[in-house]
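# Summary of structural features
The lines below spell out each chain.
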Amino acid sequence: MSLDGRYDPENIFAKIVRGEIPAATVFEDVDTLAFMDAFPQARGHSLVIHKRSAARNLLDIDPADLAAVMTTVQRVARAVRAALSPDGLVVTQFNGAPAGQTVFHLHVHVIPRWNDIALGRHGEGGMAEASALKTLAAMIAERIE
Ligand code: 5GP
């Protein structure tokens, strides 16, 4: 799917928002939701989405909704740092399939990095254990301010 197109309400993140499929929740407020990536590129890889915006990517999201998403990104990034003590943090966001986007509901990745651990490849990692993701989500949630 390229940059243009219709928002599909059956995308996997819309299903997570509606509670139709489970996710390891890190943080939720009235506008946004943060949860663990099921195919993490690193331990603690989290995703942040807007719960109501029918935006597929950076180009079509309302600026106020984007501001809410980015405020939660910062909050989650701070909590990831406090919980997991990474040496660095990558924040990424992909627009359109040629750019690497696979889920067409705008989302931002928060990926902790450690000096001696190589970053997993985007979209090529294995599925994490649900229980391990829950444990990590709880550790990060505990450090949300
Ligand atoms: P994108 O490639 O669109 O930037 O990112 C989509 C992300 O969603 C990927 O990092 C992928 O691992 C993650 N993902 C795909 N399916 C699921 C799922 O069912 N649950 C969760 N929590 N993450 C998913």
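Just so you know, these numbers come straight off a predicted model, no measurement behind them.

A few words on the site of the ligand. Around the ligand, a shell composed of 17 residues is seen, among which Asp-37, Thr-102, His-107, His-109 and His-122 lie nearest. In this structure, a nitrogen atom belonging to the ligand sits 3.2 Å away from a main-chain N or O atom of Ala-38. Contacts to the ligand include Val-103, whose backbone N or O atom sits 2.9 Å from an oxygen atom. Relative to its unbound accessible area of 510 Å², the ligand is 89% covered by the protein chains. Only helix 1 (12-17), strand 2 (32-36) and strand 5 (107-113) provide two or more residues apiece to the shell around the ligand. Tallying contributions element by element places helix 1 first for the shell around the ligand, with 3 residues. Class assignment for the residues of the shell around the ligand results in 10 nonpolar, 6 polar and 1 charged.

A word on the nonpolar core. One broad trend across soluble globular proteins is that nonpolar side chains are buried collectively. Counting residues in hydrophobic clusters, the biggest one holds 26 residues, and the most contacted among them are Val-26, Met-36, Val-69, Val-76 and Ile-140. Broken down by secondary-structure element, the contributors of at least two residues to this core are strand 1 (25-28), strand 2, helix 2 (63-84), strand 5 and helix 3 (130-142). Among the elements that make up this core, the one with the highest residue count is helix 2 (7 residues). Beyond its immediate chain neighbours, meaning those up to four positions away, Met-36 contacts Ala-24, Val-26, Gly-44, His-45, Ser-46, Leu-133, Leu-136, Ala-137 and Ile-140. Counting residues in hydrophobic clusters, the runner-up holds 7 residues, among them Phe-13, Leu-47, Ile-49 and Val-103.

What follows covers the sheet that holds strand 2. Spatially, the 5 strands line up as an open sheet ordered 1-2-3-5-4, and their pairing is antiparallel. Each having just a single partner strand, strand 1 and strand 4 (88-92) make up the two edges of the open sheet. Within the sheet, the average angular offset between the axes of one strand and its neighbour, ignoring direction, is 20 degrees. As judged from the 4 bridges shared by strand 3 (residues 46-50) and strand 5, these two strands associate in the antiparallel manner. The partner of Ser-46 across the bridge, within strand 5, is Val-110.

Reading guide: rules and limits
Residues numbered from 1 in each chain as written. Predicted model: local features only at pLDDT ≥ 70, side-chain atom pairs only at ≥ 80, totals over all residues. Heavy atoms only, no water. Near = heavy atom within 4 Å. Polar contact = N/O pair within 3.5 Å; in protein donor to acceptor, adjacent residues only side chain to side chain. Areas by Shrake-Rupley, 256 points an atom, 1.4 Å probe, with all protein chains shown as cover. Helix = DSSP H or I, 4+ residues; strand = E, 2+ residues; numbered from the N terminus. Nonpolar A, V, L, I, M, F, W, Y, C, P; charged D, E, K, R; others polar. Core = buried A, V, L, I, M, F, W, Y, C linked by side-chain atoms within 4.5 Å. Buried < 20%, exposed > 50% of the residue type's maximum accessible area, 1.4 Å probe, protein only. Contact = heavy atoms within 4.5 Å. Pairing = 2+ DSSP bridges. Axes fitted to C-alpha atoms, helices over the stretch in contact; angles between N-to-C directions.

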